[in-house]
Protein chains: 2
Amino acid sequence: MAQKPSIPKGTRDFGPAEMAGRNYIFDTIRSVFRTYGYMPIETPAMENLGTLLGKYGDEGDKLLFRILNSGDAFSGVDFTDFTDGDGRLNSKALSLKVCEKGLRYDLTVPFARFVVQHQNELSFPFKRYQIQPVWRADRPQKGRYREFYQCDADVIGSKSQMNELELVQIVDHVFTLFGLDVIIKINNRKVLAGLAEISGFPDKVTDITVAIDKIDKIGLESVKAEMREKGLTDDAIAVIEPVLTLKGGHMEKISAMRALMEGKSASGIVSETGLKGLDELEELFQLTDAAGISQEVEIDLSLARGLNYYTGAIFEVKAKDFEIGSICGGGRYDNLTGIFGLPDMSGVGISFGADRIYDVLKGLGKFPEDVMTATRILFANMGAEEIRYLLPIAKRLRESGISCEIYADSAKLKKQFDYADRKSIPFISITGGDEMAKGVVNLKNLADGEQKSFAKNDIEGILKFVL
Amino acid sequence: MAQKPSIPKGTRDFGPAEMAGRNYIFDTIRSVFRTYGYMPIETPAMENLGTLLGKYGDEGDKLLFRILNSGDAFSGVDFTDFTDGDGRLNSKALSLKVCEKGLRYDLTVPFARFVVQHQNELSFPFKRYQIQPVWRADRPQKGRYREFYQCDADVIGSKSQMNELELVQIVDHVFTLFGLDVIIKINNRKVLAGLAEISGFPDKVTDITVAIDKIDKIGLESVKAEMREKGLTDDAIAVIEPVLTLKGGHMEKISAMRALMEGKSASGIVSETGLKGLDELEELFQLTDAAGISQEVEIDLSLARGLNYYTGAIFEVKAKDFEIGSICGGGRYDNLTGIFGLPDMSGVGISFGADRIYDVLKGLGKFPEDVMTATRILFANMGAEEIRYLLPIAKRLRESGISCEIYADSAKLKKQFDYADRKSIPFISITGGDEMAKGVVNLKNLADGEQKSFAKNDIEGILKFVL
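Residues numbered from 1 in each chain as written. Chains lettered and ligands numbered in written order. Predicted model: local features only at pLDDT ≥ 70, side-chain atom pairs only at ≥ 80, totals over all residues. Heavy atoms only, no water.

Caption draft 1: Representation of the pairing of strand β4 (residues 99-103) of chain B in the model. Residues and elements named next belong to chain B. In terms of burial, β4 is largely enclosed, as four of its five residues are buried. By the bridge criterion, three bridges tie strand β2 (residues 46-48) to β4 in an arrangement that is antiparallel. Directly across from asparagine 48, in β4, lies its bridge partner lysine 101. Relative to β4, strand β3 (residues 66-68) is paired through three bridges, and the arrangement is antiparallel. Bridging across to β4, leucine 68 finds its partner in cysteine 99. (Buried < 20%, exposed > 50% of the residue type's maximum accessible area, 1.4 Å probe, protein only. Helix = DSSP H or I, 4+ residues; strand = E, 2+ residues; numbered from the N terminus. Pairing = 2+ DSSP bridges.)

Caption draft 2: View of the interface of chain B and chain A. With 105 residues of chain B at the contact, the number on the chain A side is 105 residues. Inspection of the region where chain B meets chain A yields six salt bridges. Close ionic contact of glutamate 166 of chain B with arginine 398 of chain A constitutes a salt bridge, the shortest N to O distance being 3.9 Å. The interface formed by chain B and chain A includes 29 residue pairs in polar contact (both at pLDDT 80 or more). (Contact = heavy atoms within 4.5 Å. Salt bridge = Lys/Arg side-chain N within 4 Å of Asp/Glu carboxyl O. Polar contact = N/O pair within 3.5 Å; in protein donor to acceptor, adjacent residues only side chain to side chain.)

Caption draft 3: Structural context of helix α6 (residues 161-177) of chain A. Residues and elements named next belong to chain A. Compared with an ideal rise of 1.5 Å per residue, which puts 17 residues at 24 Å, α6 spans 24 Å between its outermost C-alpha atoms and is within 8% of the ideal. Counting buried positions along α6 yields 15 of 17 residues, so the element is predominantly enclosed. The N-capping residue of α6, defined by a side-chain oxygen 2.9 Å from the backbone nitrogen of methionine 162, is serine 160. Looking one or two places after α6, you find glycine 179, whose phi comes out positive at around 70°. (Expected span 1.5 Å × (residues − 1).)

Caption draft 4: How the structure looks around the packing of helix α12 (residues 272-291) of chain A against helix α15 (residues 384-399) of chain B. Close contact between α12 of chain A and α15 of chain B brings their axes to 8 Å; oriented N to C, the two are set at 50°. Taken together, the axis directions place α12 of chain A and α15 of chain B in an arrangement best described as oblique. Here the hand of the crossing between α12 of chain A and α15 of chain B comes out right-handed. Seen from α12 of chain A, the contacting residues are Leu287, Ala290 and Ala291 of chain A; seen from α15 of chain B, they are Ile387, Arg388, Leu391, Pro392 and Lys395 of chain B. (Axes fitted to C-alpha atoms, helices over the stretch in contact; angles between N-to-C directions. Parallel < 35°, antiparallel > 145°, perpendicular 65-115°, else oblique. Left-handed = near helix turned anticlockwise from the far one by under 90°.)

Caption draft 5: Structural context of the environment of glutamate 166 of chain B. Looking at the element boundaries, glutamate 166 of chain B is found in helix α6 (residues 161-177). Look at glutamate 166 of chain B and you get buried, because its relative accessible area is 4%. Considering only alpha carbons, one finds glutamate 166 of chain B and leucine 287 of chain B, 121 residues apart in sequence, at a separation of 9.5 Å. Contact partners of glutamate 166 of chain B, with chain neighbours within four places excluded, come to Arg398 and Ile406 of chain A together with Tyr36, Tyr38 and Lys127 of chain B.

Caption draft 6: Looking closely at the sheet that holds strand β1 (residues 39-40) of chain A. All names here are of chain A. The eight strands are arranged β1-β5-β6-β11-β10-β9-β7-β8 in an open sheet whose pairing can be described as mixed. Two strands in the sheet have a free side with no partner beyond their single neighbour: β1 and β8 (296-299). Here strand β10 (residues 328-333) runs beside strand β11 (residues 347-352); their pairing, made up of six bridges, is antiparallel. The residue of β11 that forms the bridge with glycine 331 is glycine 349.

Caption draft 7: Highlighting the domain arrangement of chain A. When the domains of chain A are assigned, the result is domain 1 (16-363) and domain 2 (375-466). Taking only C-alpha atoms, the centre of domain 1 of chain A and the centre of domain 2 of chain A are 51 Å apart. (Domains from an automatic or database assignment.)

Caption draft 8: Geometry of the sheet that holds strand β5 (residues 126-135) of chain B. All names here are of chain B. An order of β1-β5-β6-β11-β10-β9-β7-β8 is seen for the eight strands of this open sheet, with the pairing classed as mixed. The open sheet is flanked by β1 (39-40) and β8 (296-299), the only strands paired with a single partner. Pairing between strand β6 (residues 147-156) and strand β11 (residues 347-352): six bridges, direction antiparallel. The residue bridging isoleucine 156 from the neighbouring strand is glycine 347, located in β11.

Caption draft 9: View of the nonpolar core. Counting 99 residues, the largest nonpolar core has Ile25, Phe175, Phe178 and Phe352 of chain A together with Ile377 and Leu397 of chain B as the members making the most contacts within it. Those residues in contact with phenylalanine 352 of chain A that lie beyond four places of it in its chain are Ile29, Phe33, Cys151, Ile170, Val171, Val174, Phe175, Ile327, Cys328 and Ile357 of chain A. Counting 98 residues, the second-largest nonpolar core is a separate cluster that includes Cys404 of chain A together with Ala153, Ile240 and Ile324 of chain B. (Core = buried A, V, L, I, M, F, W, Y, C linked by side-chain atoms within 4.5 Å.)

Caption draft 10: Local environment of the relation of the copies chain B and chain A. When chain B is fitted to chain A, the best match, at an RMSD of 0.1 Å, comes from turning it 180° and sliding it 0.0 Å along the axis. The superposition of one copy onto the other is thereby described by a two-fold rotation axis. Relative to the rotation axis, the C-alpha of isoleucine 67 of chain B is the closest in chain B, positioned 2.2 Å from it. (Least-squares fit on C-alpha atoms with pLDDT ≥ 70 in both.)

Caption draft 11: Seen up close, the packing of helix α10 (residues 220-229) of chain B against helix α11 (residues 234-244) of chain B. Residues and elements named next belong to chain B. As a packed pair, α10 and α11 sit with axes 11 Å apart at the nearest point and diverge in direction by 145°. Relative to α11, the crossing made by α10 is right-handed. When α10 is examined against α11, the residues Leu220, Val223, Lys224, Met227 and Arg228 are found in contact with a partner set consisting of Asp234, Ile237, Ile240, Glu241 and Leu244. Considered class by class, the residues forming the contact of α10 with α11 number six nonpolar, no polar and four charged. (Nonpolar A, V, L, I, M, F, W, Y, C, P; charged D, E, K, R; others polar.)

Caption draft 12: The arrangement of the side chain of glutamate 147 of chain B in detail. Turning to its location among the elements, glutamate 147 of chain B is positioned in strand β6. Arginine 104 of chain A provides the closest opposite charge to the buried, unpaired glutamate 147 of chain B, separated from it by 5.5 Å. In terms of polar contacts, glutamate 147 of chain B uses its side chain to reach the backbone amide nitrogen of alanine 45 of chain A, at 3.0 Å. Side chain to side chain, glutamate 147 of chain B and tryptophan 135 of chain B meet in a polar contact 3.0 Å long. Once residues within four sequence positions are removed from consideration, glutamate 147 of chain B is found in contact with Pro44 and Ala45 of chain A together with Gly10, Arg12, Pro133, Val134 and Trp135 of chain B. (Lys, Arg positive; Asp, Glu negative; His and termini not counted.)

Caption draft 13: Spatial organisation of the packing of aromatic side chains. All names here are of chain A. Summed over all chains, the structure comprises 32 aromatic pairs over all chains. Taken together, the ring pairs connect Tyr24, Phe33, Tyr129, Phe175, Phe178, Phe352, Tyr358 and Phe367 into an aromatic cluster. Over the aromatic face of phenylalanine 14 sits the side chain of arginine 22, whose NZ or CZ is 3.8 Å from the ring centroid. (Phe/Tyr/Trp six-rings, centres within 6.5 Å; stacked < 30°, edge-to-face > 60°. Lys NZ or Arg CZ within 6 Å of the ring centre and 35° of its normal.)

Caption draft 14: Seen up close, helix α13 (residues 354-363) of chain A. Residues and elements named next belong to chain A. Ala354, Asp355, Ile357, Tyr358, Val360 and Leu361 are the residues of α13 that are buried. Against the buried residues of α13 lie α1 (16-35), β6 (147-156), α6, β9 (313-319) and β11. Of the residues flanking the end of α13, it is glycine 365, one or two places downstream, whose phi is positive at about 65°.

Next comes the structure, spelled out in structure tokens:
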């Protein structure tokens, strides 16, 4: 019995149509990364589990795909070592014994590992981009996959806000090339820390930001209720509330926040951390004004972003005309490489969500029309003689960069036309004995039906017709 | 204690310099695949073990990387079920219980699985290329990695020799673009089967080809000794020997072989299979003659290739000026998709060895000089004012496709020059207060020291200078 073929849950095959769209996305992002001087690196799919464990929280540890040690992983393993008195197995300890490697979970931790491992070969500030798949043993569901690509750009070894600017410019450049209208939301972790400080609950910065983050979904009153539940006093909430309703341009928001951080809030507390965050935001917005950003950029004081390693600017990008989560995000981290023994290497990075961008471009019909056109000319197969006549012509066209095919089998013309149609090939050539006798090739534009004959050496003429 | 970072044995990090070379290789091969109408697909890194097991022989099964089932893989496993009477563990059975998925071992089996699974969405003949990593739990050694890329092109659903021709053209086109001289060796499995038939040992085709394959290394006498060892009679060897010493052009070799297959060998046996193989070879060489192949192409009757699924033409490519194994290989298989329930789908494919091609290009100094140049202009950071002045200029240059960087930090010029040097940036701009007052930018060609000033709006002039 033949096996019924299938792939693991949460993984995907990409056929030519999806690949065309995906390559358009990756190529566009890659070209912009390069334009700003970012260089590519690649790291192995497998990392030592020691590199990955403990970097993504307990939940992340559970979601790592572990690879059974090669060879005879279980030989010599004494299972009683991994069983407690009641005969219950310690599954976690046993899996560590038989699995030393795991699939990478993101590109950030491998990048930090790469920078530390190769620090003597790199020149800092080091600007790299990396476009590779990552794997997570999440429960598969709509839009959540166990294998997906990340497209990251990071610069490490520079504290200048110029880097933040550059990432904003990259975002602006990429989405403008895609023809999408987006809103680039910016906040700063130090401002969020400052907000917790002036509310009198510096330790509750996470609770506060988690609550604030929901304001769009649940509204102001529910956010206040949640903060109260988390132990914030009414006085503290009275300090935070005005921030949530701040209106105006970015310089107005910064001024209003600066007043609060300087002690003019209801608590009277001054936050140096908050003021530092506002200085950074102000510098960044002066730079974006000088550089000129086409897309909308705004300060969103409710933007928090989940990953705990961020310490400065944080970014998030939303599509304006399509309902979907954030399509790009990132931020500054002051000590990512510290865990691998290289402290004080501040970095800032951004990650594009290729799967969501694909959905947005497809949903809005923004893929360029010719993204799927690979082959431009199909030469119909009219027999062995005709093929020998066409081969040198096809060769010269290919050398000029034109993609063309000679139909391999002698089949009915209908079948050959169908092939051209299904592959969206725009030009077909039916060149038989008559044309050979005249030394010409026929070409037909399948879109408008226009037909033309060209001398077989007139490659220039053919190029003009089909391009 | 910080962890000392490392990666698993047999895997590699690729920094910007290696990536530049690798991307040049992949981009070149990809562009040629496209020119012949091949379309990209991608399959998941993980396949169900049922898809992979038994496809690569017992040795291959052992070299599959298995992935521990997500969640609590060992809970509920009764280890006594996997232990024999003597308390010895059946490691193989246990690993099948706790691992349902494995990392792909090549691109051919996943491609066959893809074709069968998506047969109703594909249009045949289906021409696809696929460039993705594969994983093998081989013992790591020089030049053998546990993770490496394969670059495959296959066409499936057509028996025409036009497909074989196209793959030869692709090989020719790719290596000509690389500036390498190669020899493209061609044989046909049916001819090898025919040789076994006329020797009177049709069942010993594998033994015969394995022995013949070694002629370059061990010489004719040792090949004969090996065949004798495998049970071939002196009469049989007397039939095979003349083939091994055949000289001449491809049409001469085909004629000589045809005579033998028609019964004119010492055994007098006629081989229909052998004759069919010779017909295929002859048709292919008529086509290569008509198309015009720049690289050397030869029939190598001792070419066997290990993979057992080949049934017709087989190819192998060797670099002429560099000592290394084959850098490209492939062949025709008549029933690859049969194992997944789709019989009678003949296909033919080719695979480029990117790692070896990298070594050859590097060893012969054939990488283009500018392959590493990413950024063309570094604007030195002379202060905040200067940066605001430069930002719109850099923006316009980037929009014209020029990669440029503004040094992010205010650092000594020496440090900024060092950065340009280490990144091989060919142009630097030192634009300070004087230039701002005049409304110009300075540019210096670091290769020849030429300096020029341009009006800040003269983007055309700058482009001309730096390109």
